[in-house]
Amino acid sequence: MAEFHHQDKAGAGAHSGGAPHAHILVVDDNDDVRQMMAVALHTQGYSVEEAADASEALRHLQNGSFDVVLTDYELPDKTGATMLKEATTSGLLGNATALIVTAHTAPEDVEGFDVIQKPINLDHLMAQVQGVLKSSATSFSPAAVADAGTAAADIVLYVAAGSAASATARRSMESILRQFVGCPIRYTVCDVAEDAASAEEDQIVFAPTLVKRSPGPRTWVLGDLADAAVVVDLLKMCGMKPST
């Protein structure tokens, strides 16, 4: 059966079933608590960014793609739940799983989010993070399925670290590729700074850029890929049929 393969050479935002390189945002105004959680996650091999309030968290979400957002409920400027809902409405949360940490027994507006009760047990927290990552990988498992040799289409997304357009392009591609689960597509994400040789080979002068390497001819799509129809049509031209 045809399958879908994903390789993320850029690192951030790669679902790996709870393995290292998952990208996590930790939001808490208490420096000691935030750093404790960040260090614990780092020791598990995760890539971690920190924010002290909701506004800073939204800036992180605007500039990057995350697998998990772990936020305190009581933040200085608004609740973690409000922040997450704003991020969802504006499309910044992407495919990230949100976890809210709180001492409240009945916090408001947390419907749809997983809640972790304080005091925090780090062992339980690590297990829950690993669990949600495995669940995400099961629902969209690009890293777990196909051998690259089975791919009939080879596409590469070139991104730049810290670029909001690149983060949008990554989210757009993940959303688009969900329509083609089961198709023999090899999808790779490359950072132009870290993969200069690949970028030179594909004649990349701008990030984000999506390159269809095969089947030929080589094709380039520039920009944040917000116009999903362009990419969908490109994959259909490669013989891929949407599954949804």
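Here goes a summary of the coordinates provided. (Residues numbered from 1 in each chain as written. Predicted model: local features only at pLDDT ≥ 70, side-chain atom pairs only at ≥ 80, totals over all residues. Heavy atoms only, no water.)

**Overview of the overall build of the protein chain**
For step 1, the next point in the chain: Looking only at helices and strands, one finds seven helices and 10 strands in the protein chain.
For step 2, the next point in the chain: By sequence separation, contacts in the protein chain at least 24 residues apart represent 70% of the contacts at least 6 residues apart.
For step 3, the next point in the chain: Carbon and sulfur atoms make up 51% of the accessible area of the protein chain, which totals about 11,000 Å². (Helix = DSSP H or I, 4+ residues; strand = E, 2+ residues; numbered from the N terminus. Contact = heavy atoms within 4.5 Å. Areas by Shrake-Rupley, 256 points an atom, 1.4 Å probe, with all protein chains shown as cover.)

**Details of the environment of Arg 218**
For step 1, the next point in the chain: By secondary structure assignment, the location of Arg 218 is in the loop between β9 (209-214) and β10 (219-222).
For step 2, the next point in the chain: For Arg 218, a relative accessible area of 32% puts it in the partly exposed group.
For step 3, the next point in the chain: Distance from Arg 218 to Asp 202, taken between C-alpha atoms, is 8.7 Å for residues 16 residues apart in sequence.
For step 4, the next point in the chain: With sequence-adjacent residues up to four places away left out, Arg 218 is seen in contact with Glu 201, Asp 202, Val 211, Lys 212 and Arg 213.
For step 5, the next point in the chain: Separated by 2.4 Å, the side chains of Arg 218 and Asp 202 make a polar contact. (Buried < 20%, exposed > 50% of the residue type's maximum accessible area, 1.4 Å probe, protein only. Polar contact = N/O pair within 3.5 Å; in protein donor to acceptor, adjacent residues only side chain to side chain.)

**Considering the packing of helix α2 (residues 54-63) against helix α5 (residues 164-177)**
For step 1, the next point in the chain: Two elements in contact, α2 and α5, have axes separated by 7 Å at closest approach and are oriented at 70°. By the criterion of interaxial angle, the relationship of α2 to α5 is roughly perpendicular. Note on element contacts: α5 touches α2 through Ala 164, Ala 167 and Arg 171, opposite Leu 61, Gln 62 and Asn 63.
For step 2, the next point in the chain: A class-by-class count of the residues in the contact of α2 with α5 yields three nonpolar, two polar and one charged. (Axes fitted to C-alpha atoms, helices over the stretch in contact; angles between N-to-C directions. Parallel < 35°, antiparallel > 145°, perpendicular 65-115°, else oblique. Nonpolar A, V, L, I, M, F, W, Y, C, P; charged D, E, K, R; others polar.)

**Observations concerning the pairing of strand β3 (residues 47-51)**
For step 1, the next point in the chain: When strand β2 (residues 23-27) meets β3, the two strands line up parallel, connected through five bridges. The partner of Val 27 across the bridge, within β3, is Ala 51.
For step 2, the next point in the chain: After leaving β2, the chain enters helix α1 (residues 31-43) and then returns to the sheet as β3, a path that is right-handed. (Pairing = 2+ DSSP bridges. Right-handed = clockwise from strand over helix to strand, strands pointing away.)

**Points about the environment of Leu 234**
For step 1, the next point in the chain: Examined against the element boundaries, Leu 234 turns out to sit in helix α7 (residues 228-237).
For step 2, the next point in the chain: Linking Leu 234 and Val 221, residues 13 residues apart in sequence, is a C-alpha distance of 9.3 Å.
For step 3, the next point in the chain: In contact with Leu 234, other than residues within four places in its own chain, are Leu 210, Lys 212, Thr 219 and Val 221.

**A word on the pattern of salt bridges**
For step 1, the next point in the chain: The tally for this structure, following the rule as stated, stands at seven salt bridges.
For step 2, the next point in the chain: A salt bridge links Arg 34 to Asp 31; its shortest N-O distance comes to 3.1 Å. Placement of both Arg 34 and Asp 31 in helix α1 is noted, with a separation of three residues, approximately one turn of the helix.
For step 3, the next point in the chain: Given a relative accessible area of 41%, Asp 31 falls into the partly exposed group.
For step 4, the next point in the chain: Of the charged contacts, one joins Glu 86 and Lys 78 as a salt bridge, the two residues approaching to 3.0 Å between their closest N and O atoms.
For step 5, the next point in the chain: Glu 86 gets classed as partly exposed once you look at its relative accessible area, which sits at 32%.
For step 6, the next point in the chain: Given the relative accessible area of 26%, Lys 78 is considered partly exposed.
For step 7, the next point in the chain: What you see here is one network of salt bridges that share partners, running through Asp 31, Arg 34 and Glu 50. (Salt bridge = Lys/Arg side-chain N within 4 Å of Asp/Glu carboxyl O.)

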